[in-house]
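Understanding the architecture of this molecule
Chain by chain, the residues:
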Amino acid sequence: MKKPDTNLSPVERIKARSDFLRGTLVASLADSATGALAEDDTQLSKFHGFYQQDNRDLREDRRRRLLEPDYQFMIRARVPGGVCTPGQWLKLDEIARLWANGTLRLTTRQAFQLHGVLKRDLKNSIRAINDSLLDTIAACGDVNRNVMSSAVPEHSALHREVHDLARAVSSHLTPRTTAYHEIWLSDGGPRQRVAGSAVPDAEPLYGPVYLPRKFKMAFAVPPRNDVDVFAHDLGFIAIADKNVLAGFNVTVGGGMGMTQADPATYPRLAEVIGFCKPEQVLAVSEAVLTLQRDYGDRTNRKHARLKYTIDDRGLDWFRAEFERRLGDSLAAARPWEFSDNGDRYGWQEGDDGLWHLGLFIENGRIADHPGAEHLSGLREIAKRLEGEIRLTPNQNLVLANVPPAQRADIDALVRAHGLDGFRQASPLRLHAMACVGLPTCGLAMAESERYLPELVGRIEASMAGHGLGREAITIRMTGCPNGCARPYLAEIGLVGKGPGLYDLFLGAAFDGARLNRKYRESVRENDVLDLLDELFGAFVSDRKTGEHFGDYLLRAGFLDDCAAPGPGRDVPL
């Protein structure tokens with residue numbers, strides 16, 4: 001283990017004195033004079049699964065009126081592998097209507113977010129989530145986040161085995177502090193420290209200061225890369241032999257976030273380092289996580305992800321230290337092939353005779369609107385559904401394991417509540433994704449969720465003019481460069497720079513195996529539309545048969561002057 005850092009970042013100091021994530025949260029929650037938490041507690045709250053935010057649309061008006069910001073909280077429910085029961089769905093729907101803003105938000109990590117929760121309702125909301133046998137612990141913070149798993153349902157037995165491993169890893173890497181139960185689930189206050197009888201808390205994997213930064217994992221099932229496995233600190237690519245799981249290719253060092261005007265930060269693709277058997281997955285996960293715990297940068301949070309640890313020290317060093325911790329070496333990686341990183345819509349039959357219905361949820365926001373009562377419709381479906389509900393990594397839904405006899409009933413409910421939009425939507429819209437952005441995210445510099453549907457409509461018109469109306473192109477938008485919607489893996493990526501301004505990234509691979517590159521800085525909507533219209537015209541004229549838009553832009557030289565980001569590899573090995 002390396003020597004402790006002496007120049008720790010402020011967040012590291014907060015964690016060190018937090019008493020295993022307790023801090024002064026109990027006192028903060030009891031303070032009725034403000035809708036906010038104490039400053040240090042806003043960092044610790046993330047480990048418990050929620051963020052303090054305020055409505056930025058109202059911020060200036062409230063400042064003029066000498067009022068504190070309109071504080072509210074976003075709660076994130078952890079859903080390993082994105083699979084939830086109808087009963088769990090109904091409980092989250094109830095919480096959204098009782099204590100949140102009446103919507104559910106599906107995230108790009110197959111989790112739920114509840115927005116607009118007031119401080120006084122936090123405990124009721126988190127306790128209700130736990131009553132549904134879900135939880136919020138480790139949904140945020142410097143820990144292993146929600147473990148993702150491919151939503152591909154065709155090979156049911158294989159998918160179940162991969163999902164079971166994702167759940168096992170999630171459980172194994174969940175923090176063990178009793179603070180979560182003590183603060184949110186018990187009826188008492190802080191634990192009583194009676195001399196001679198208090199049992200000290202402990203974190204056998206994380207230690208008292210947890211990880212230097214967040215840690216993300218995903219399990220992919222080829223040929224779909226719907227989890228964007230190369231965007232993760234640690235990934236497992238399932239290798240099947242006649243639909244029987246043989247093991248996984250292991251990937252390390254991915255990460256999407258960067259900081260504007262700081263070239264020392266950059267998105268990076270993970271690299272394949274070998275093959276492991278299913279029974280090695282827990283040990284591999286623990287070895288990589290503890291390596292990052294011990295060697296990640298605790299002085300600079302912008303430089304604290306595993307990708308920087310690997311780039312600073314080298315992949316050979318990483319491999320040697322990883323194998324020392326594992327007590328073994330990985331076998332050589334096995335061949336695999338991805339087709340795309342999107343979702344499938346409509347009905348698909350599994351190999352066990354059950355059916356799966358993919359539904360398009362634009363930007364993951366489930367709400368009731370005239371003619372599109374999605375929240376009410378999914379509530380009625382969940383009351384009747386005999387299968388399960390899967391959250392996809394692209395903010396959509398799969399009604400899974402539906403018996404053949406129930407298909408007609410489900411179809412009728414889908415049509416009645418306007419959930420059949422996937423049947424009319426363009427491929428571009430079906431491959432679009434945005435982060436939440438304004439007005440609630442404190443990091444957002446520009447609009448994303450509220451704006452992308454409108455922009456997609458204008459790009460659709462341009463594509464139709466070139467005869468590309470049915471062309472599948474991935475497009476993603478974020479309000480800041482942190483990469484929550486994985487914009488650097490989109491053929492068209494728009495990253496917020498300021499009000500109405502975006503950096504335009506182009507040229508990622510359709511299967512999520514190549515980063516895009518910055519094509520133009522600080523462009524407005526009309527410039528985006530003009531630039532894309534010109535490129536669509538060239539694409540129609542010069543593309544090869546079956547060539548995707550991102551591949552064409554790279555081959556045709558449009559991106560020759562656009563450097564690949566950072567020192568990390570642009571294409572997985």
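Keep in mind that this is a model prediction, so the values were computed, not measured. Each chain has its residues counted from 1, following the order in which its sequence is written. pLDDT decides what is reported in this predicted model: residues at 70 or higher carry local features, side-chain atom pairs at 80 or more are listed and counted, and totals for whole chains, interfaces and linings draw on all residues regardless. Note: side-chain values were computed over all heavy atoms of the structure, leaving out hydrogens and water.

1. Comments concerning the overall build of the protein
For the protein, the helix and strand inventory stands at 17 helices and 22 strands. The globule rule is 2.2 Å times the number of residues to the power 0.38, and the radius of gyration it is compared with is taken over C-alpha atoms. Scaling as 2.2 N^0.38, a compact globule of 573 residues should have a C-alpha radius of gyration of about 25 Å, and the protein matches this with 23 Å. Projected onto its principal axes, the C-alpha coordinates of the protein cover approximately 80 × 55 × 55 Å. By definition, residues are in contact when any of their heavy atoms lie within 4.5 Å. Pairs at least 24 apart in sequence give 68% of the contacts found in the protein among residues at least 6 apart. Computed with the Shrake-Rupley method and a 1.4 Å probe, the accessible areas treat only the protein chains shown as cover for residues. Accessible surface computed for the protein: about 22200 Å², of which carbon and sulfur atoms make up 51%. In this description a helix means any DSSP run of H or I spanning at least four residues, a strand means any run of E spanning at least two, and both kinds are numbered starting from the N terminus.

2. Remarks on the nonpolar core
By nonpolar core we mean a set of buried residues, namely Ala, Val, Leu, Ile, Met, Phe, Trp, Tyr and Cys, connected to one another through side-chain atoms within 4.5 Å. Three exposure classes are used, based on accessible area relative to the maximum for each residue type with a 1.4 Å probe and protein chains only: buried under 20%, partly exposed in between, and exposed over 50%. Grouped together as the largest cluster of nonpolar side chains are 97 residues, with contacts concentrated most on Trp89 and Phe219. Among the elements that line this core, the one with the most residues is helix H9 (residues 281-295), at seven residues. Not counting the four nearest positions on each side in its chain, Trp89 is found in contact with Cys84, Leu104, Leu106, Phe112, Ile366, Leu378, Arg379, Ala382, Ile389 and Leu397. In this structure, Ile475, Tyr519, Val523 and Phe549 belong to the second largest nonpolar core, which totals 34 residues.

3. A short note on the pattern of salt bridges
Here, a salt bridge means any side-chain nitrogen of Lys or Arg that lies within 4 Å of a carboxyl oxygen of Asp or Glu. On inspection of all chains with the given rule, the structure shows 46 salt bridges. When the shortest N-O distance is used, the salt bridge between Asp228 and Arg486 registers 2.7 Å. With Asp228 in the loop between strand S7 (217-220) and strand S8 (234-241) and Arg486 in the loop between strand S19 (475-478) and strand S20 (492-498), the pair connects residues that are 258 residues apart, well separated along the chain. Each member of the pair Asp228 and Arg486 is classed as buried. Linking Arg543 and Glu471 is a salt bridge whose minimum nitrogen-to-oxygen distance equals 3.0 Å. Of this pair, Arg543 sits in the loop between helix H16 (525-542) and helix H17 (549-555) while Glu471 sits in the loop between helix H15 (452-465) and S19; the two residues are 72 residues apart in sequence, bridging distant segments of the chain. Relative accessible area serves as the criterion here: at 28%, Arg543 is assigned to the partly exposed category. For Glu471, a relative accessible area of 15% puts it in the buried group. The network of salt bridges with shared partners includes Glu12, Lys15, Asp142, Arg298 and Arg301.

4. Details of a negative patch on the surface
Surface patches are drawn from residues lacking salt bridges whose relative accessible area is over 30%; two like charges belong together within 9 Å, two nonpolar side chains (Val, Leu, Ile, Met, Phe, Trp, Tyr) within 5 Å. Here the positive residues are Lys and Arg and the negative ones are Asp and Glu; neither His nor the chain ends is included. Every charge is mapped onto a representative atom, which is NZ of Lys, CZ of Arg, CG of Asp or CD of Glu. The grouping of Asp527, Asp530, Asp533 and Glu534 at the surface amounts to a negative patch. Here Asp527 shows up in helix H16. Judged by its relative accessible area of 39%, Asp527 falls in the partly exposed class.

5. A look at the pairing of strand S10 (residues 271-276)
Counting buried residues in S10 gives six out of six residues, a clear majority hidden from the surface. Strands pair, by our definition, only if DSSP identifies at least two bridges between them. Sheet analysis places strand S9 (residues 244-252) next to S10, joined by five bridges and oriented antiparallel. Each residue of the ladder has a partner; that of Thr251, found in S10, is Val272.

6. Focus: the packing of aromatic side chains
Put simply, two rings from Phe, Tyr or Trp (the six-membered ring, in Trp's case) pair if the centres are within 6.5 Å, and we call them stacked under 30 degrees between planes, edge-to-face over 60, tilted for the rest. Within this structure, the stated rule accounts for 23 aromatic pairs. On the numbers, 5.8 Å between centres and 75 degrees between planes, the contact of Phe50 with Phe73 is edge-to-face. Of this pair, Phe50 sits in strand S1 (residues 50-54) while Phe73 is found in strand S2 (residues 71-77), placing the two residues 23 residues apart along the sequence. By relative accessible area, Phe50 is classed as buried at 0%. Residue class for Phe73 comes out buried when judged on its relative accessible area of 0%. Above the ring of Trp317, the side-chain terminus of Arg313 is found at 4.8 Å from the ring centroid. Taking NZ or CZ as reference, Arg407 lies 4.1 Å from the ring centre of Trp355, over its face. Charge-over-ring placement is defined geometrically: NZ (Lys) or CZ (Arg) within 6 Å of the ring centre, and within 35 degrees of the ring normal.

7. Brief notes about H16
One less than the number of residues in a helix, times 1.5 Å, gives the span that helix is expected to have. In a regular helix each residue adds 1.5 Å, so 18 residues correspond to 26 Å; H16 covers 26 Å between its end C-alpha atoms and thus fits that length. Among the residues making up H16, those that are buried are Val528, Leu529, Leu531, Leu532, Leu535, Phe536, Gly537, Ala538 and Phe539. Buried positions along H16 lie against H15, S20, strand S21 (501-506), strand S22 (517-523) and H17.

8. Examining the side chain of Lys216
By secondary structure assignment, the location of Lys216 is in the loop between helix H8 (179-185) and S7. For the buried residue Lys216, which engages in no salt bridge, the nearest side chain bearing the opposite charge is Asp233, 6.9 Å off.

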